Amino acid sequence: MPARRIPVFDGHNDALLRLHRRTGGDPIAAFLDGEEKGQLDLPKARKGGFAGGLFAIFVPAPDRKAVAQGSGPDFGGTPSPPAIDPAEAQRTVFAMVSLLYRIENQSHRRVRVCRTADDIETCIDDGTLAAVLHIEGAEAIDANFEVLDVLHAAGLRSLGPVWSRPNAFGYGVPFRCPSSPDTGPGLTDLGKALVAACNRLKMLIDLSHLNERGFWDVAELSDAPLVATHSNAHAISPHSRNLTDKQLAAIAESKGLVGVNFATSFLRPDGGRDTNTPIDLIVQHTEYLINHLGEDGVGFGSDFDGAQMPAELGDAAGLQKLVQALRTRGFDDKLIEKLCYRNWLRVLRRTWT
Ligand code: ZN
C-alpha cells in the first residue's frame, strides 16, 4: 500500500513575484494551468500535496544593478540593498494583490484567498488551494497605517515590517554567511507603532527578515505569538537570516512558530547556494527546531519561487519526498501532520482571533 499523502500548508512562497515579473503571456493561466519554469503553480501544488500557504507580496528594486552593488546603509560587511520608494511600492503591492484575486476568480473554485484559520481548514478538507496574503517589507504602508487598514480589508493577514533592506520601519538583515543576525539597528519608532497597529488588526508579524535587534523589538512589544515564517537554525547554518538559540527560546516562550526554509543557502553549514543539498538537511533543521520549540512550534516555509531549492526536492511537486524523509527519520504521522499543517493552523488561529 502506498504511504498516505499528507497535505502541506506552507509559510512562504514568492509565486506572485514570479508571475508579476513575467514578460508576455498570461500570468493567471501560467499559475492555474502550470508551466515548466517556476517552483509553484496549481498543478505542481496538487501533485505534491501543497495545500496552501502564505503568498508573499514583495516589491523588487526597480534597478537590479543597484541591488547587486548594494547602495543601502552599511553596518559592516556586505551593504544592504537600497530602499524602495513608497509610491512605487504601493503600485506594485496593489498589482500583486489584484493578481491573486484574479487567480482566485478564474480558478473555478480551485484556489481561495483565506482570511481565517477556518477558511484554511475547509480548503485543506476539500482540496482547494488556500492562499493567504502576506507582505514582505512594509514600504507600501503609510505612517498613519491607512493603507494597512485597506490592505487588511482586502485580505492581508501577515506582514514582515522589513525585507532585507532598510525602510521607514526598520533595518532588515542583510544576507551574509557566516554572520550573526545582529547586524545593526532594529525597528524605528514608526516600526514600533507598526507592531501595535498589526496587533490591533490581529495581523501576523513575520520576524524572518528582521535583524536581531528588530527581532527583540517585536518580541518586547507584540502581544501575539512570535513567528518566523521562513528561517532556519543558526546552530546548523550560521547565516544572518537564521535564528540563534536565544531567539528560538523567545519564540518557544511565546508559543510561536518557525517555518523551515528550503533555500539551500539557509540550510547548508557553509551557506552556499548549491542544488546538491540533501532533503535530509531540511529534516535536520526540523529536528533541531523541534528540540528547541517543541512539537507544536515547527512548520515549513519553503521559499518556493524565491530561492534555490535542493535538487532532490525540486519544487512543490516534490513535497511528499520530504514527508517520506520525515518518516524515514522515524517521525510518526501524527507529528508529521503537525509539522505539515496543524501547527500553522494553531498559530494562525491564535494570532488572528
Ligand atoms: Zn523572504
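Quick look at the overall build of the protein
Phase 1: Summing up its helical and strand segments, the protein has 14 helices and 9 strands in all.
Phase 2: In terms of C-alpha radius of gyration, the protein reaches 18 Å, essentially the compact-globule figure of 20 Å for 353 residues.
Phase 3: Residues classed as buried in the protein amount to 62% of the 353 residues present.
Phase 4: Of the roughly 13700 Å² of accessible surface on the protein, 51% is carried by carbon and sulfur atoms.

Let's talk about the pairing of strand β4 (residues 129–136)
Phase 1: Judged by how many residues are buried, β4 sits mostly within the fold: 8 of 8 residues are covered.
Phase 2: Covered by surrounding structure in β4 are Leu129, Ala131, Leu133 and Ile135 together with Ala130, Val132, His134 and Glu136, the residues of both alternating faces.
Phase 3: Sheet analysis places strand β2 (residues 50–57) next to β4, joined by 6 bridges and oriented parallel. In the sheet register, Ile57 faces β4, and the bridge partner there is Ile135.
Phase 4: Pairing analysis gives 3 bridges linking strand β3 (residues 111–113) to β4, with the strands arranged parallel. Within β4, the residue paired with Arg112 across the bridge is Ala130.
Phase 5: As a crossover connection, the stretch from β3 through helix α6 (residues 117–126) into β4 is right-handed.
Phase 6: The pairing of β4 with strand β5 (residues 156–160) spans 4 bridges and is parallel.

Here we look at the coordination of the zinc ion
Phase 1: Only Glu136 (OE), His209 (NE2) and His230 (NE2) from the protein coordinate the zinc ion, and they sit 2.1 to 2.2 Å from it.
Phase 2: Donor residues binding the zinc ion come from one chain and are separated in sequence as E-x72-H-x20-H. Highlighted residues: Glu136 in strand β4 and His230 in the loop between β7 (227–228) and α10 (245–253), separated in sequence by 94 residues. Each of the two residues, Glu136 as well as His230, counts as buried.

Here's the deal with the pattern of salt bridges
Phase 1: Summed over all chains, the structure comprises 20 salt bridges.
Phase 2: Salt-bridge contacts for Glu337 lead to Arg4; the nearest nitrogen and oxygen are separated by 3.1 Å. With a gap of 333 residues between them, Glu337 in helix α14 (residues 333–352) and Arg4 in the segment before β1 (8–13) connect regions that are remote in the sequence.
Phase 3: A salt bridge links Asp119 to Arg112, with the nearest nitrogen and oxygen atoms 2.9 Å apart.
Phase 4: The exposure class of Arg112 is partly exposed, given its relative accessible area of 32%.
Phase 5: Sharing partners across several salt bridges, the network here consists of Arg4, Arg327, Asp333, Glu337 and Arg342.

Observations concerning the confidence of the model for the protein
Phase 1: With 94% of its residues at a pLDDT of 70 or more, the protein has an overall mean of 94.
Phase 2: Here residues 65–77 is modelled with pLDDT under 50, and outside its nearest four sequence neighbours on either side it reaches 28 contacts, counting other chains as well.

Quick notes on the environment of Trp352
Phase 1: Relative to the helices and strands, Trp352 is located in helix α14.
Phase 2: Residues Trp352 and Thr116, spaced 236 residues apart in sequence, show a C-alpha to C-alpha distance of 7.1 Å.
Phase 3: In this view, Trp352 contacts Arg115, Thr116, Ala117, Ile120, Val132, Arg157, Lys202 and Leu204; residues no more than four positions away in its chain are not counted.
Phase 4: Separated by 3.1 Å, the side chain of Trp352 and the backbone oxygen of Arg157 make a polar contact.

Each value, and the rule that gives it
One numbering rule holds for all chains: residues counted from 1, following each sequence as written. It should be noted that, the model being predicted, local features are given only for residues of pLDDT at least 70 and side-chain atom pairs only at 80 or more, the latter also being counted only at that level, while totals for whole chains, interfaces and linings use all residues. In computing side-chain values, all of the structure's heavy atoms are included and hydrogens and water are not. Segments assigned H or I by DSSP are reported as helices when at least four residues long, segments assigned E as strands when at least two residues long, and all are numbered from the N terminus. As a reference, a globule follows 2.2 Å times the number of residues to the power 0.38, and the radius of gyration itself is taken over C-alpha atoms. Partly exposed describes any residue whose relative accessible area lies between the buried limit of under 20% and the exposed limit of over 50%, with all areas from a 1.4 Å probe on protein chains only and scaled to the type maximum. Per-residue accessibility takes into account occlusion by the displayed protein chains alone, with areas from the Shrake-Rupley method and a 1.4 Å probe. At least two bridges found by DSSP between two strands is the condition for calling them paired. Look down the strands so they point away from you; if the path from the first strand over the helix to the second goes clockwise, the crossover is right-handed. Because no water is among the atoms considered, metal sites can look incomplete, with donors defined as N, O and S atoms within 2.8 Å of the metal, or 3.2 Å for Na, K and Ca. Salt bridges are defined by distance alone: a side-chain nitrogen of Lys or Arg within 4 Å of a carboxyl oxygen of Asp or Glu. As a per-residue quantity, pLDDT reports the predictor's confidence and falls between 0 and 100. Should any heavy atoms of two residues lie within 4.5 Å, those residues are considered in contact. Residues adjacent in sequence count toward polar contacts only when both atoms are side-chain atoms; beyond that, a polar contact is any pair of N or O atoms within 3.5 Å, and within protein one must be able to donate a hydrogen and the other to accept it.

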